[in-house]
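Tertiary structure, described
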Amino acid sequence: MEDPLALVFLTAAATLRVATPLILCAMGGLFSERSGIIDVGLEGKMLMAAFFSAAIAAVTHSAWWGVAAGIAAAEVMALLHGLACITYRGNQVVSGVALNILASGLTIVWGNAWFHRGGQTPALEGQGERLLPLFFPRAGDSILVYLALLAVPITWWVIARTRFGLRLRAVGEMPLAVDTAGISVSWLRYRAVLLCGLLAGLAGSYIAIAQNAGFTRDMTAGQGFIALAAVIFGKWRPFPALGACLMFGLLDAVAIRLQGVRVAGIEVPVQLIQALPYLLTVFLLAGFIGRAIAPRAIGQPYEKEH
Amino acid sequence: MRARRPLPAWAEIVLLPLVNIALAFITVGIIVRIIGVDPLHALELLVVGAFGSPESIGYTLYYATNFIFTGLAVSVAFHGGLFNIGGEGQAYIGGLGCGLAVLALDRYLPIWLMIPVGIAAAALFGAAWAAVPAWLQAWRGSHIVITTIMFNFVAAALMVYLMVNVLIAPGSMTPQSRNFEPSAFMPAMGGNALNLSLALALLCCVGVWVFLWHTPWGYALRTMGHNPEAAIYAGTDLRRMTMLGMCLSGALAGLVGVNELMGVHHRIVLDFPAGYGFAGIAVSLMGRNHPLGIVLAAVLFGALQQGGAELSFDIPNITREMVVVIQGLVILFSGALVHLPRPWLQGLFALRRSS
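Bear in mind the structure is a predicted one, so any value in this text is a computation, not a measurement. (Residues numbered from 1 in each chain as written. Chains lettered and ligands numbered in written order. Predicted model: local features only at pLDDT ≥ 70, side-chain atom pairs only at ≥ 80, totals over all residues.)

1. A short note on the overall build of chain B
Going by this rule: Numbering of helices and strands runs from the N terminus, with a helix taken as a DSSP run of H or I at least four residues long and a strand as a DSSP run of E at least two residues long. What the globule rule says is 2.2 Å times the number of residues to the power 0.38, and the radius of gyration is computed from C-alpha atoms.
Looking only at helices and strands, chain B has 15 helices and zero strands in total. For 355 residues, the compact-globule estimate of 2.2 N^0.38 gives 20 Å, and chain B sits close to it at 21 Å. Across its three principal directions, the C-alpha atoms of chain B cover 75 × 60 × 30 Å.

2. As for the overall build of chain A
Quick note on the threshold: To sort residues by burial, count the other C-beta atoms lying within 10 Å of each one's C-beta; a count of 20 or more means buried, 12 or fewer means exposed, and anything in between means partly exposed. C-beta atoms are built from the backbone.
The helix and strand tally for chain A stands at twelve helices and two strands. Helices (α) and strands (β) of chain A occur, in sequence order from the N terminus, as α-α-α-α-α-α-α-α-α-α-α-β-β-α. Computed over C-alpha atoms, the radius of gyration of chain A comes to 20 Å, within 12% of the 19 Å expected from 2.2 N^0.38 for 306 residues, which places it in the range of a compact globule. When its C-alpha atoms are laid out on the principal axes, chain A stretches across 70 × 50 × 30 Å. Looking at chain A residue by residue over its 306 residues, the buried ones come to 55%.

3. Some words on the interface of chain A and chain B
Just so we agree on the cut-off: Residue pairs qualify as contacts under a 7 Å threshold applied to their C-beta atoms, which are placed from the backbone.
Chain A puts 37 residues into the contact, and the matching count from chain B is 39 residues. Listing elements by their share of the side of chain A that touches chain B, those giving two or more residues are α4 (92–115), α10 (223–233) and α12 (270–285) of chain A. With 15 residues, the top contributor of residues to the side of chain A that touches chain B is α4 of chain A.

4. Comments concerning unusual backbone geometry
All names here are of chain A. Positive phi, close to 55 degrees, is recorded for His116, a residue that is not glycine. As for its placement among the helices and strands, His116 is situated in the loop between α4 and α5 (126–129). When the 11 C-beta atoms within 10 Å are taken as the criterion, His116 is described as exposed.

5. Describing the packing of helix α7 (residues 163–173) of chain A against helix α9 (residues 185–211) of chain A
All names here are of chain A. The condition that has to hold: In this analysis an axis means a line fitted to C-alpha atoms, helices contributing only their contacting stretch, and an angle means the value between N-to-C directions, from 0 to 180 degrees. Each angle is binned into one of four classes, with values under 35 degrees roughly parallel, values over 145 roughly antiparallel, values of 65 to 115 roughly perpendicular, and all other values oblique. Side-chain classes are defined by residue name, with Ala, Val, Leu, Ile, Met, Phe, Trp, Tyr, Cys and Pro counting as nonpolar, Asp, Glu, Lys and Arg as charged, and the others, Gly among them, as polar.
In the contact formed by α7 and α9, the axes pass within 10 Å of each other and the chain directions differ by 110 degrees. Comparing their axes, α9 and α7 come out roughly perpendicular. When α7 is examined against α9, the residues Arg167, Leu168 and Val171 are found in contact with a partner set consisting of Val185, Leu188, Arg189 and Ala192. In terms of residue class, the contact of α7 with α9 is made up of five nonpolar, no polar and two charged.

6. Observations regarding the nonpolar core
For clarity, the threshold we go by: Core membership is restricted to buried Ala, Val, Leu, Ile, Met, Phe, Trp, Tyr and Cys residues, and these are joined into a nonpolar core through C-beta atoms within 7 Å.
If you look at the biggest cluster of nonpolar residues, it comprises 224 residues, and the most contacted ones within it are Ile23, Ala26, Leu199 and Ala230 of chain A. It is α9 of chain A that contributes the most residues to this core, 17 residues altogether.

7. Observations concerning the environment of Val338 of chain B
Within the secondary structure layout, Val338 of chain B lies in the loop between α14 (322–336) and α15 (342–354). When the C-alpha atoms of Val338 of chain B and Leu285 of chain B are compared, they prove to be 9.8 Å apart, with 53 residues separating the residues in sequence.

8. What to know about the packing of helix α12 (residues 276–286) of chain B against α14 of chain B
All names here are of chain B. Going by this rule: Crossing chirality is assigned from the near helix's rotation relative to the far helix, an anticlockwise turn below a right angle marking it left-handed and a clockwise turn marking it right-handed.
Their axes nearest at 9 Å, the elements α12 and α14 cross at an angle of 45 degrees. Considered as vectors, α12 and α14 are oriented oblique to each other. α12 and α14 meet at a crossing whose hand is left-handed. Residues Ala279, Ile281, Ala282, Leu285 and Met286 of α12 touch α14, and the partners they reach there are Gln327, Val330, Ile331, Ser334 and Gly335. Counted by class, the contact of α12 with α14 contains seven nonpolar, three polar and no charged residues.

9. A short note on the confidence of the model for chain B
Our working rule: Note on scores: pLDDT gives the predictor's confidence for each residue, bounded by 0 and 100.
Taken over all residues, the pLDDT of chain B has a mean of 91, while the share at 70 or more is 99%. Scored as a whole, the predicted complex attains pTM 0.91, and scored at its interfaces, ipTM 0.91.

10. What to know about helix α3 (residues 54–79) of chain B
All names here are of chain B. Basically, it comes down to this: Given the number of residues in a helix, its expected span is that number minus one, multiplied by 1.5 Å.
Helix length check: α3 (26 residues) gives 36 Å between terminal C-alpha atoms against 38 Å at 1.5 Å per residue, within 8%. Here α3 lies mainly inside the structure; 21 of its 26 residues are buried. Looking one or two residues beyond α3, the residue adopting positive phi is Gly81, at roughly 75 degrees.

11. Quick notes on the environment of Ala275 of chain A
The topology assignment puts Ala275 of chain A in helix α12. Taking the C-alpha atoms as reference, Ala275 of chain A lies 9.8 Å from Leu251 of chain A; in sequence the two are 24 residues apart. When sequence neighbours within four positions are dropped, the list of residues in contact with Ala275 of chain A reads Phe153, Val154 and Ala157 of chain B.

12. Description of the environment of Ala127 of chain B
All names here are of chain B. Counting through the fold element by element, Ala127 comes out in helix α5 (residues 111–140). Here Ala127 falls in the buried class, since 24 other C-beta atoms lie within 10 Å of it. Each C-alpha atom of the pair Ala127 and Leu16 lies 34 Å from the other, and the pair is 111 residues apart in sequence.

If you want it as structure tokens, here you go:
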């Protein structure tokens, strides 16, 4: 029998490890969605960031160059999304879907052409090429874990307390009012989308060079969508979204431990626990658990009158 | 700035989409160039790989069959103003329905009865999986885009559970069901994967065309897509139309299961939708949401799939995922960036008028 205290510590650490990319990504999604830009492309941004961070870290032998490359890759995707949704007023969901599909193909095509390992990047060696735990080797507390936790109050402060945040919220609810006040709707939304790219880039880098030691195909495995679910679950507010990420992380952490455990004579299928974040979000959206109300202008391109 | 005149109708319908697709393929060419392959040489190998022999044409059309089903599925919903991203999950569950019907009945029914039952079961299960998000949007106000995305993941989890714990053939090491009896084999057309599902797909095209443009329900669905308020004014029940549009969409996506399971695998396997559901978005955008356009786009994507597979044998630097890149770029340029070339074309037409 394991020491219960150690069990609690390890479960908490596992929860935090799994939740870190979700938190970073969710905060990014929050900026984008509060400005009125739907982001179903979080998954693609993260995947692209994961690939480039691992590839550059392997080539330069430097984790930090890897992180920088990851952020840059996600920002390129974010700019494409902005170009399609803000400048050319295209359909935001279509753009997000396109970026996801593009990322899942490009990472493998480039990875294969570059490293000839069937889409994988070379395995990263410990110190230098990866971001290693800072204080507790068994807990996997790399610097990005702390950064993720820090990102939540910062996001809250920016959105709730700064002039930029006020305008950001206004542009997501009623862009016409912001435009009338002489503030550029496009520039505000571009900044929101770029912030989203920055955070999604950090999330992808974490997955490839802190949580794992290199890139493998489709390694984000739906986490971008879970982060999106967390944004909705948190009703587009930072701290409730953090709560949702931690809950989804905990579910994932216990799923492994619950394998084969019987509850009231019935074995709980691991797949049910894995599907719970999605199911819970569907229930929430359907109004069975409270009500989730999206920013009013979300998904609508803003057309300036001439 | 002087307001630009709108484009003439033919340019809007023909020229603009062609420019969009050309932009997507120029980008593909640049990417191929970046990974060190001559794009024209790759194109030549691809065309030969897709159409060079009766066998390769068979595979091209077999892939095209799946693209027709999912392309139609996306477009039917789209005509009603509904964006169904759940084709992947609906195809998966449609296959489950098809497989369950076959596993239950293939020892008792003759082939001429088994196949219609399998097709009906696939359509029914696909429709049911789409009906839940439709119901949630119509009656509970939750957005169909998010719910259908979530339902893709739920479908994948459900299938893994069923395959590993319930449907796995006794003694099998991999999660797959027992083999179907020959009474559930979709008759082959030619030697390889191509089967009668292609005829079913073409029949669906005609059906969708008749439904959308020659029935009162299709008219109501399109009205809802163009202008929901006008539809209400005309006495349309938007909730029922949402249900109808999504159920039809899901049923069409579910038919992928017929082509894959009754046509080729002859058992239930994991992951057979393999991205066809998402690719349906590209097919429908490229085909401008019209059945004829969808058939053409589906054959193109089928050729890319088959030719791309052959290409990856000849040029190791190119992998099969190149097709996925092309799908993404087509969705980007013909969907999200559809307005990108419009100012250029307007400028060109303005030049022509002034000269």
